[in-house]
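Here is how the chains run, residue by residue.
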Amino acid sequence: MTATEIVAKVKNLPPVSHAALRLVNLLDQPAVSNDDVVQVLKCDNVLTAKLLRACNSPYFGLEEPVASVDQAVLILGHQQILHIVLSLAFGGAMAVPLPAYAVEANEIWRHSLTTATAAEIIVKDGIDMEVEVPVAFTIGLLHDIGKLVLSQALTPEYQTDIRTRIAQGQLSRAEAEKEVIGTDHCEVGACLLQSWRLPEEIVEAVAHHHQPLLKPRPRLSAVTHVANCVAHLAGSAPGWDAYAVRVDNQVAEVLGINADRLEGMVVHLRESFDQVDQFMSMA
Ligand SMILES: [Fe+2]
Ligand SMILES: [Fe+2]
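Summarised in this report is the structure supplied together with it. These numbers come from a predicted model, not from an experiment.

Before going further, it helps to examine the coordination of the iron ion (ligand 1). D144 (OD), H185 (NE2), H209 (NE2) and H210 (NE2) make up the full set of protein donors to the iron ion (ligand 1), lying at 2.2 to 2.3 Å. Coordination at the iron ion (ligand 1) is irregular: its 4 donor atoms span angles of 86 to 177° at the metal. Binding-site remark: the iron ion (ligand 1) is held by donors from one chain whose sequence spacing is D-x40-H-x23-H-H. Take H185: its relative accessible area is 0%, and that puts it in the buried class.

Quick look at the structure:
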């Protein structure tokens, strides 16, 4: 089966708000202003209510309660607001269990947020590549979304076949999926994001997060690949996916990440687990 056939066949595609998709599309524009973010949020009352509740949570420790989106964006800045809103918007869709991946409710959601936080840390650490923090965060959040779709197409026979090939052939999960089904969660996720008309660089990064594109220049898939590995190394390995812990040497070299630096990122991510917990509790 192809990724397109699977996305067309699966009945329960992850639900996501129109406003969230518009916010992701904003990331593709050269300069996003506070006003741009406010205008999109104002069209979604549910998301706005959730955002205000989140901003007023003890985590942010604001002296005065925030009463409007304009105020929230002004106080916390649009980058922080984007991270909160996208976490809230995609959180509901990702809080589901994925039996075909041996993933319990909330686990893929936690892993996605952890990878998003790892991507934020990697970019802020100053890698050899120009990337906007909210873009890296968003791709981290969405990188495994294909699993939500593909898990519905994995019959018990497929699951056994995939597990056997991983065990016997030392294949990665994505490689085994490709051998058995003809596609993998990376391609299926990219196909879903494409159907939502999200920016091409985000679609591409999700499509290649296990086999990053480095030529003619490193692309966002490289950052996403390292973020996913850092998340796994920090202990976020849902289901039986612990295979993905090895960072591709070439990718690490191109981004200027040596073993010490990688270890520092893992430590930093562990220290940021509190942020992951907070974002989960806000949804
Ligand atoms: Fe993945
Ligand atoms: Fe992952």
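So that's the structure; there's more coming.
Once that is clear, we can look at the coordination of the iron ion (ligand 2). For a metal bound by four donors in a tetrahedral arrangement, the ideal donor-metal-donor angle is 109.5 degrees, while six donors in an octahedral arrangement ideally sit at 90 or 180 degrees. Around the iron ion (ligand 2), the protein contributes the donor atoms H111 (NE2), H143 (NE2), D144 (OD) and N228 (OD1), at 2.2 to 2.3 Å from the metal centre. Coordination at the iron ion (ligand 2) is irregular, judged from the 4 donor atoms that bind it and the angles of 86 to 174° they form at the metal. Sequence spacing of the donors to the iron ion (ligand 2): H-x31-H-D-x83-N. Taken as a pair, the iron ion (ligand 2) and the iron ion (ligand 1) show a spacing of 3.9 Å, with D144 coordinating each metal. With a gap of 32 residues between them, H111 in helix α6 (residues 107–124) and H143 in the loop between α7 (133–142) and α8 (146–153) connect regions that are remote in the sequence. Here H111 falls in the buried class, since its relative accessible area comes to 1%. On the accessibility criterion, H143 (0% relative accessible area) is buried.

Criteria and cut-off values
Residues numbered from 1 in each chain as written. Chains lettered and ligands numbered in written order. Predicted model: local features only at pLDDT ≥ 70, side-chain atom pairs only at ≥ 80, totals over all residues. Heavy atoms only, no water. Donors = N, O, S within 2.8 Å, 3.2 Å for Na, K, Ca; no water. Tetrahedral: all angles 85-135°; square planar, octahedral: opposite > 155°, others 65-115°. Buried < 20%, exposed > 50% of the residue type's maximum accessible area, 1.4 Å probe, protein only. Helix = DSSP H or I, 4+ residues; strand = E, 2+ residues; numbered from the N terminus.

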